[in-house]
Amino acid sequence: MKLKGIVSLFLLVIQLTSLGQEIKRVVSLAPSITENIYLIGAQDKLVGCTSYCTDAIRDGVQQVGSAVEINMEVLFAQQPDIVLAMKLTKTQDIETMKRLGVKVEIMDSPDNFDEICEQTLHIAELIGNKQEAQKVVEDARKRVEKIRQQSKQLPHSKIFFQLGANPVFTVLDHTFMNDYITFCNGENIATGLTKGTITRESVVLQNPDYMFIATMGGFGAEELATWKMYTGIKAIQNGGIFLIDSETSCSPTPANFVSALEDVFNDIKRK
Amino acid sequence: MISKGNSELFTMKNRYMKWILFSAALLLLLLISIAVSLLIGEVKISLFQLQEILNDHRSMAYMVLTKIRIPRLILAASVGGALSLSGAILQGIYRNPLVEPYTLGISGGAALGVSIAIVFGLNTISFLALPVFGFIGAIITLFLVYFLSLKKSGLSVNSMLLIGVMVSFVSSSAMMFMMSITTTDNVQNIVFWVMGSMDETNHVLIKIAFYSSLSGLFLAYFFAQPLNALRLGDAKARHLGINTNLTIRILFFLASLLTGIAVAVAGVIGFVGLVIPHLIRLVIGNDYRILLLGSFLGGAIFLILSDTLARTIISPNELPIGVITGFAGGIVFIAVLSRSKSHFKLN
């Protein structure tokens, strides 16, 4: 009991002394966080990442976990000043990190473009490079605003944005991906739904003008071929069905958002 | 006074009449479930409009009917029939009421095959890659279980069962390993595949599932009497002139192939192969001459209705079909079992 108290006190002292210190070693537990770190030019501080943070792995950053598990020993061995994680990270892992005296910052999945920008600025506040982050966010906001203005010239359209297959999974209206649709003067056919799984029949019934299918690790092409069989849908009749890169469109960073939004806008504009 | 011969003839006739009535009732239920499945959904279709819709190839209802509901219906009937038939056969050859098509590791093998295809991006080569790899996984498991169970004295049924369960665990661990080294996209794709779905629109795959399940039923009928003899035990069946080793081998391969094809096309759908044969047994008895057909039709009806529920109950959202088969199958099974005074008997 006494020993436990001493250990807790020791960990508390470590945590308190680390407050206000300059962050030099960062571990990221989500690819979007890693991408944000690269975006604000703070990659030299990155000492740990997950197995799906491709840029960081290419640069030789230590992998500390996979899509489903974190190797706590490897993570701790990097002696991070801070660990940046999303809410998807297992609670047990977060508790273990805290017990080990590691500072952990948990972030929410952004619900819209503004929150994506805020998250980038928040990461910069935590680890440094605030000016660079401001520049990135301002640039993204300008480009987004330009597309929004141009989109006013586009006719209002019904859009279906597919994220998963078997069962069909759609973008919901309270997620940042819904902004791809609304910023292009579109209306999400899944507006009002609370769950992403949607029947094919419902999509056919909604008769969207445009359909965007995320690549989904190769499943997108298969889905594209499947949808083309439904020749009665307006999007199919008018050639308004497009594949869109999952890695860019699903990973919430200002740069990815703008890039995916430009793809959606250009696809609609061409038709 | 009725002689003993006449009495037996009367009992036999009575039994056949019961079987005919039972089959007719199942066929009627099948027709009702087909009608329910075709008419219920987001797009309202009335029975009286059916002819009109089928003539108007440009209408939304025609597209929904021909491109969504009919393919799903055929696939659900084929997969349900195949899994249930496979369960009935396996319970017969193992003389164990808890055996189902997935106990022998077939689904685990198929799931591993599909996981490998997804992780290595082979699904980008062709739309057939996943079913083909699923089927290859199932076949490898099948041969693995078979050859590991072979002993000098012949085929050991108990070893087959134990090895099947172990192979299933190994496949499951291997699948978890694949999931832990891959991307989130791939993990999601594997998870959704494992949950099972009738959302398959490829005509080739649907035809394969349909014809193989019907062929399976046809072939199984050549072994209806040997299966009846096996109910008495291996030794007694041999005394009755049944080549038990050969019969068990053929039926094992037949049931495994049926399961392999069903899993490869529709993913892992639990409970059908376990629950339906038992329900049929409770109603009509253990004679395989009627049990095989009853299980096939019962499985088809069950999966057609489950799929209809899956796509309509929280419409426009869709539930994984495994949720429905698990809940419905389990609850109905427990209810029937608790009301039934007789215990399960396979002989």
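Each residue is numbered by its place in its chain's sequence as written, counting from 1. Whichever chain is written first becomes A and whichever ligand is written first becomes 1, with later ones labelled in order. In keeping with the model being predicted, local features are shown solely for residues with a pLDDT of at least 70 and side-chain atom pairs are shown and tallied solely at 80 or more, while totals for entire chains, interfaces and linings include all residues. Calculated side-chain values reflect all of the structure's heavy atoms, with hydrogen atoms and water omitted.

**So, the sheet that holds strand β4 (residues 82–86) of chain A**
Residue and element names in this part refer to chain A.
And step 1. Any two strands with at least two DSSP bridges between them are considered paired. By definition, any uninterrupted DSSP run of H or I lasting at least four residues is a helix, any uninterrupted run of E lasting at least two residues is a strand, and each is numbered from the N terminus. Strand order across the open sheet formed by five strands is β3-β2-β1-β4-β5, with parallel pairing between neighbours. The open sheet has two free edges, formed respectively by β3 (62–65) and β5 (104–107), since each of these has just one partner strand. Taken pair by pair, the neighbouring strands of this sheet meet at an average axis angle of 25°, ignoring direction. Note on definitions: angles span 0 to 180 degrees between N-to-C directions of axes, and those axes are lines fitted to C-alpha atoms, for helices only across the stretch in contact.

**Re the domain arrangement of chain A**
All names here are of chain A.
And step 1. What marks off one domain from the next here is an automatic or database domain assignment. Under the domain assignment used here, chain A contains domain 1 (3–107) and domain 2 (153–270).
And step 2. Centre-to-centre separation of domain 1 and domain 2, based on C-alpha positions: 34 Å.
And step 3. We call two residues in contact when some of their heavy atoms are within 4.5 Å. Listed by partner, the interface residues are four residues for domain 1 and six residues for domain 2.
And step 4. Here the buried area means the combined drop in accessible surface, using a 1.4 Å probe, for two parts upon being joined, counting both sides. Taken over both partners, the interface formed by domain 1 and domain 2 buries close to 400 Å², and the fraction arising from carbon and sulfur atoms is 57%.
And step 5. Its largest share of buried area at the contact with domain 2, domain 1 owes to Ser 32, Glu 35 and Leu 39, together 77% of the area lost on that side.
And step 6. Each salt bridge in this description consists of a side-chain nitrogen of Lys or Arg and a carboxyl oxygen of Asp or Glu lying within 4 Å of one another. Where domain 1 packs against domain 2, one counts zero salt bridges.

**Topic: the interface of chain B and chain A**
And step 1. Between chain B and chain A, the contact holds 33 residues from the first and 35 residues from the second.
And step 2. When chain B packs against chain A, the two sides together hide about 3000 Å² of surface, and 59% of this comes from carbon and sulfur.
And step 3. Run the count over chain B and chain A and you get three salt bridges.
And step 4. Residue Arg 311 of chain B is joined to Glu 201 of chain A by a salt bridge in which the shortest nitrogen-to-oxygen separation is 3.5 Å.
And step 5. The definition of a polar contact used here is a pair of N or O atoms within 3.5 Å, where within protein one atom must be able to donate a hydrogen and the other to accept one, and adjacent residues in sequence count solely through side-chain atom pairs. At the surface where chain B touches chain A, the tally comes to ten residue pairs in polar contact (both at pLDDT 80 or more).

**Considering the nonpolar core**
And step 1. Residues belong to a common nonpolar core when they are buried Ala, Val, Leu, Ile, Met, Phe, Trp, Tyr or Cys residues joined through side-chain atoms within 4.5 Å. In this scheme, a residue with accessible area under 20% of its type's maximum is buried, one over 50% is exposed, and one in between is partly exposed, where area comes from a 1.4 Å probe on protein chains only. Formed by 149 residues in total, the largest nonpolar core has its most connected members in Met 211 and Trp 227 of chain A together with Ile 269 of chain B.
And step 2. Top element by residues in this core is helix α3 (residues 60–94) of chain B. It accounts for 18 residues.
And step 3. If sequence neighbours within four positions are ignored, Met 211 of chain A has contacts with Phe 160, Val 203, Trp 227, Ile 233, Ala 235, Ile 236, Gly 240, Ile 241 and Phe 242 of chain A.

**With respect to a negative patch on the surface**
Residues and elements named next belong to chain A.
And step 1. Only residues whose relative accessible area exceeds 30% and that form no salt bridge enter a patch; like-charged residues are grouped when within 9 Å of one another, and nonpolar side chains (Val, Leu, Ile, Met, Phe, Trp, Tyr) when within 5 Å. All accessibility values rest on the Shrake-Rupley procedure with a 1.4 Å probe; residue burial counts only the protein chains present in the view. In this charge count, Lys and Arg are treated as positive and Asp and Glu as negative; neither His nor the chain ends contribute. Here the site of a charge means atom NZ of a Lys, CZ of an Arg, CG of an Asp or CD of a Glu. On the surface, Asp 111, Asp 114, Glu 115 and Glu 118 cluster together to form a negatively charged patch.
And step 2. Tracing the backbone through its elements, the reader meets Glu 115 in helix α6 (residues 113–127).
And step 3. Among the residues examined, Glu 115 registers a relative accessible area of 30% and is labelled partly exposed.

**Remarks on the environment of Gly 134 of chain B**
Residues and elements named next belong to chain B.
And step 1. Note on placement: Gly 134 falls in helix α5 (residues 129–149).
And step 2. Overall, Gly 134 belongs to the buried group, its relative accessible area being 0%.
And step 3. In this structure, the C-alpha to C-alpha distance between Gly 134 and Val 263, residues 129 residues apart in sequence, is 7.2 Å.
And step 4. Each residue touching Gly 134, except ones within four places of it in the same chain, is listed here: Ala 110, Gly 113, Val 114 and Ala 264.

**Details of unusual backbone geometry**
And step 1. With an omega of 10°, the peptide bond running from Ser 315 of chain B to Pro 316 of chain B counts as cis.
And step 2. Here Pro 316 of chain B lies in the loop between α13 (288–312) and α14 (321–339).
And step 3. Even without being a glycine, Asn 185 of chain A presents a positive backbone phi close to 60°.
And step 4. Within the secondary structure, Asn 185 of chain A sits in the loop between α8 (178–182) and β8 (186–188).
And step 5. Even without a glycine there, the phi angle at Arg 95 of chain B is positive, about 50°.
And step 6. By the element assignment, Arg 95 of chain B lies in the loop between α3 and α4 (106–119).

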